[in-house]
Each structure stands twice: as C-alpha cells, then as structure tokens.
Amino acid sequence: MKAVRVHECGGPDALRYEDVPTPTPGRGEALVQIAASGVNFIDVQHRAGRYKPPGFPFTVGSEGAGTVTAVGPDVHDVRAGDRVAYTMIVGTYAQFAIAPAQRLVKVPDDVTLESAAAVMLQGTTAHYLTHSTFAIKPGDTALVHAAAGGAGSLIVQIAKLRGATVYGTAGSEAKAALARGDGAAATIDYTRQDFEAEIKKLTNGRGVDVVYDSVGKDTFDKSLNCLRPRGMLALFGFSSGPVAPFDPAVLGAKGSLFLTRPGLNQYIATREELVQRTSDLFTWLARGALRPRIDRVLPLAEAATAHRELEARKTAGKVLLVP
C-alpha cells in the first residue's frame, strides 16, 4: 500500500510518498481503508518536529474517514464494512491505517466520508471550544481569528448556532466574505485594519466575551485587549508561532482576564465525550446546519503541496487528501 511518511523532520519535502506493508490489526484494533484524510496544522507540527513525533519513520496525518476492512480480537463496537471516522491517532496519510476500535465513530449513511473527515479534528475542536472551554450562550459575543479557515469556519457556524454574535478576522476581503457567509456579523481584514480597534468599535468599547485564537504570536497581545473584563482568551493553536513568555499579572491589569491553552485530546478523553461531540456534528451535517468548506481535494501523493499551501495560508477551508 502507499503512505506518506517522514524519516527525518523538516519542511514539506520531508514527506515521502512510498510503499509500505499493509498493517494487520491487533487486539482491540481495526484496519481502516482510508477514503479521505484531513490536512491540519498539527500534521505540520509533527512533520517539522515541533511536536514530538511517535518515532521514525512515521506516517503523517491525524484525521481520517473510511471503511473498516478487518478487526482484531476483542473488538465489538465495529466490524468489517462499517463506515467510520476518527481523529488524534497519527497515521492517516495512507491507503490503510490501524486505529484503536474505541476511537472510531460510525458515520451515518446521510453523511459522506469526505464531510466526516473534514470535521473530525477541526469540528470536534470547534465543538469543545464553544460548548466546554467557553460555553457559548445566546447573547454572547465572540471573536474568531482565521475565521475563513477550516477550524475558524466551523467555530463561526457553531457559535452562531448557539446564539452568539460572531466577529471574524481574515487575511483578505475574499476570505472575509466567506466568513460572513458562515454567519459572522462583521469581519476584519487584518492586512489593512487594526482588529483591536475594530472590535472596540463594534462592541462600543466593551470588548467581546471570548476570543478563539489559533494564530498565536501575531494576535496574542491584541486578542487580550479585545476582551471585556473577565473575558476569556482560548488559545488553541499557534500557526504564526509560539507566544513569548509573559507575566500572568498582565491578566489582572487588563481586567481579571482568563487565559487557557486547551487541547482536543483532553476534551475527547472518554468514548462517551467523543461520541457525544461527533453525534452533534453528524446531526448538523445531515441537517445542513453545519457546512464544512472543503477548499480542495488532492491526491495523497501531493501531501507536500497541501502542506506548502497550508503554511502559506493560501487555503480558505479544509484540504483533504484522497488515496
């Protein structure tokens, strides 16, 4: 079978499309024929060595959907032929992949495998951010950075479903228009506007209740300044680079602010929580209430191109790889 593997951390050229043996599922595991694998910034971090890789060589990818072709001993929840999806198990950039059966969720017949792959990581992230990290309620205000991106688009949509007024930043007017189409009440083109000043205008100087920030270094300081007293900054990524160390007393001086650096694994730590979040996502997908924007679908062999475009911020939505 074909897989995209990294033998040594580096740039996109470190991704090698090569032949590897088809794995055999062990106890508690299932073999999944991958129909689509999502491309995410966590894949870039693994490839570049910013996150500790599982070992060398390793197959990249943390999000996929497909069909179970075989199961190992002591597997009872899935069987061969089931359509499934999963996330946060490294190794999805491949034609076949092994996954713990307990981490697989069944995909309903009225949801395509491509849509399922597009929401397993970024959709569950959007769900926990809006339901658990800062539980949006009607009347809340939220600022979403990179609002036209794969995660940002879903956060905008889900926050709006929960009754929030959502503001979004984007890197061009074209991307800003996409975010407004997802439900953002107003958008800010950060290449020509000061998003801090614009948020103060939009909220009559009050600030927003929550900022969902996946950008990190370039937005961190001003994100804090966009919050109302006792507001929360949920810093869930660092696409522009890590945030420099800072004095926590700053949070008090700016209005008793809350800062959290959440991660998906802690919000799908139990099977019950994983199933609850993905069930909501699949229900919204089937109803048309949630619309993942699939920016492009590339062959698995073009994984390096997908990483280059993601890092250059040339995408507006989800990128999928298909075998």
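Everything below is about the structure shown above.
Here is a short report on the structure shown in this document. The model shown is predicted, which means the values in this text are computed figures rather than measured ones.

## Concerning the sheet that holds strand β4 (residues 58-59)
Line of reasoning, step 1. Reading across the sheet, the three strands line up as β2-β1-β4 and stay open at both edges, with antiparallel pairing between neighbours. Only two strands of the sheet have a single partner each, and these edge strands are β2 (15-19) and β4.
Line of reasoning, step 2. In terms of strand pairing, strand β1 (residues 2-6) meets β4 through two bridges, oriented antiparallel. Within the sheet, the bridge partner assigned to valine 6 lies in β4 and is phenylalanine 58.

## Here's the deal with the nonpolar core
Line of reasoning, step 1. One finds Tyr212 and Phe282 to be the most contacted residues of the largest nonpolar core, which totals 48 residues.
Line of reasoning, step 2. Looking at this core, the elements with two or more residues in it are α2 (113-119), α3 (122-133), β9 (141-144), α4 (150-161), β12 (208-213), β13 (227-235), α9 (264-267) and α10 (271-287).
Line of reasoning, step 3. Those residues in contact with phenylalanine 282 that sit more than four places away from it in its chain are Val105, Lys106, Val107, Pro108, Val111, Ala116, Val119 and Met120.

## Here we look at helix α5 (residues 173-181)
Line of reasoning, step 1. Along α5, the positions that sit buried rather than exposed are Lys175, Ala176 and Ala179. For α5, the angular spread of the buried residues around the axis is 105 degrees, confining them to a single face. Across α5 from its buried face, at more than 90 degrees, point the exposed residues Ala174 and Gly181.
Line of reasoning, step 2. Considering only its buried residues, α5 is in contact with α4, β10 (165-170) and β11 (186-189).
Line of reasoning, step 3. A positive backbone phi angle near 120 degrees is found at glycine 183, which sits one or two residues after α5.

About the cut-offs
- Residues numbered from 1 in each chain as written.
- Predicted model: local features only at pLDDT ≥ 70, side-chain atom pairs only at ≥ 80, totals over all residues.
- Heavy atoms only, no water.
- Pairing = 2+ DSSP bridges.
- Helix = DSSP H or I, 4+ residues; strand = E, 2+ residues; numbered from the N terminus.
- Core = buried A, V, L, I, M, F, W, Y, C linked by side-chain atoms within 4.5 Å.
- Buried < 20%, exposed > 50% of the residue type's maximum accessible area, 1.4 Å probe, protein only.
- Contact = heavy atoms within 4.5 Å.
- Arc of directions from axis to C-beta.

Distances and angles like these do not, on their own, reveal function.
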